[in-house]
Amino acid sequence: MSEKNRSFRGGSKYVLDDELAKIVNVSMALEMPLLLKGEPGTGKTMLAHAISESLKMPLIVLNVKSSMKLVDALYQYDTLTRLNDSRFGDSNRNVSNIEEYIRMGKIGQAFAGSDAV
């Protein structure tokens, strides 16, 4: 079955009603995020784990805090390490390759795919 034709019908530890199944599958078909809102203990996290398990895809968990900034969830650029490497040259990193100084956050990992670190 191709990735586009996958559908979610529940998991080994999650029973799904028809309405929620439709919502999840429409979100998957449109390749759009599914944002869930609800009281604690209503099964939002369990649903995410069940979808991940069912589709055999990694689950990327982002715990949001009130002090969190969006850029922290996207990526972090280590300017101090790059400056230190350029000044002293005692690192194995290539200073001209900026990717060696970027660490992807959870949202960045999700956009970059499973290869992101």
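Quick summary incoming for the structure in this document. The shown structure was predicted, so the numbers you read here are calculated from the model rather than taken from an experiment.

### Quick notes on unusual backbone geometry
Then, number 1: Phi angles above zero are rare outside glycine, and Glu-31 is one such case at about 55°.
Then, number 2: Turning to its location among the elements, Glu-31 is positioned in the loop between helix H1 (18-30) and helix H2 (44-55).
Then, number 3: Phi at Lys-56 takes a positive value of approximately 55°, unusual for a residue other than glycine.
Then, number 4: As for its position among the elements, Lys-56 is in the loop between H2 and helix H3 (70-74).

### Details of the environment of Phe-8
Then, number 1: For Phe-8, the position within the fold is in the segment before H1.
Then, number 2: Note: C-alpha distance between Phe-8 and Ala-50 (42 residues apart in sequence) is 8.9 Å.
Then, number 3: What Phe-8 contacts, discounting residues up to four positions off in sequence, is Leu-16, Ala-21, Val-24, Asn-25, Met-28, Leu-47, Ala-50, Ile-51 and Ser-54.

### Brief notes about the side chain of Asp-85
Then, number 1: By the secondary structure assignment, Asp-85 is in helix H4 (residues 79-88).
Then, number 2: Engagement of the side chain of Asp-85 in a polar contact is seen with the side chain of Ser-91, the distance being 3.4 Å.
Then, number 3: Non-local contacts of Asp-85, meaning those with residues more than four positions away in its chain, are made with Asp-90, Ser-91, Arg-93, Val-95 and Tyr-101.

### Section: a nonpolar patch on the surface
Then, number 1: On the surface, Val-71, Tyr-75, Tyr-77, Ile-98 and Ile-102 cluster together into a nonpolar patch covering about 400 Å² of accessible area.
Then, number 2: Turning to its location among the elements, Ile-102 is positioned in strand E2 (residues 102-104).
Then, number 3: Using a relative accessible area of 32% as the deciding quantity, one classes Ile-102 as partly exposed.

Calculation criteria
- Residues numbered from 1 in each chain as written.
- Predicted model: local features only at pLDDT ≥ 70, side-chain atom pairs only at ≥ 80, totals over all residues.
- Heavy atoms only, no water.
- Helix = DSSP H or I, 4+ residues; strand = E, 2+ residues; numbered from the N terminus.
- Contact = heavy atoms within 4.5 Å.
- Polar contact = N/O pair within 3.5 Å; in protein donor to acceptor, adjacent residues only side chain to side chain.
- Patch = residues over 30% accessible without salt bridge, like charges linked within 9 Å, V, L, I, M, F, W, Y side chains within 5 Å.
- Areas by Shrake-Rupley, 256 points an atom, 1.4 Å probe, with all protein chains shown as cover.
- Salt bridge = Lys/Arg side-chain N within 4 Å of Asp/Glu carboxyl O.
- Buried < 20%, exposed > 50% of the residue type's maximum accessible area, 1.4 Å probe, protein only.

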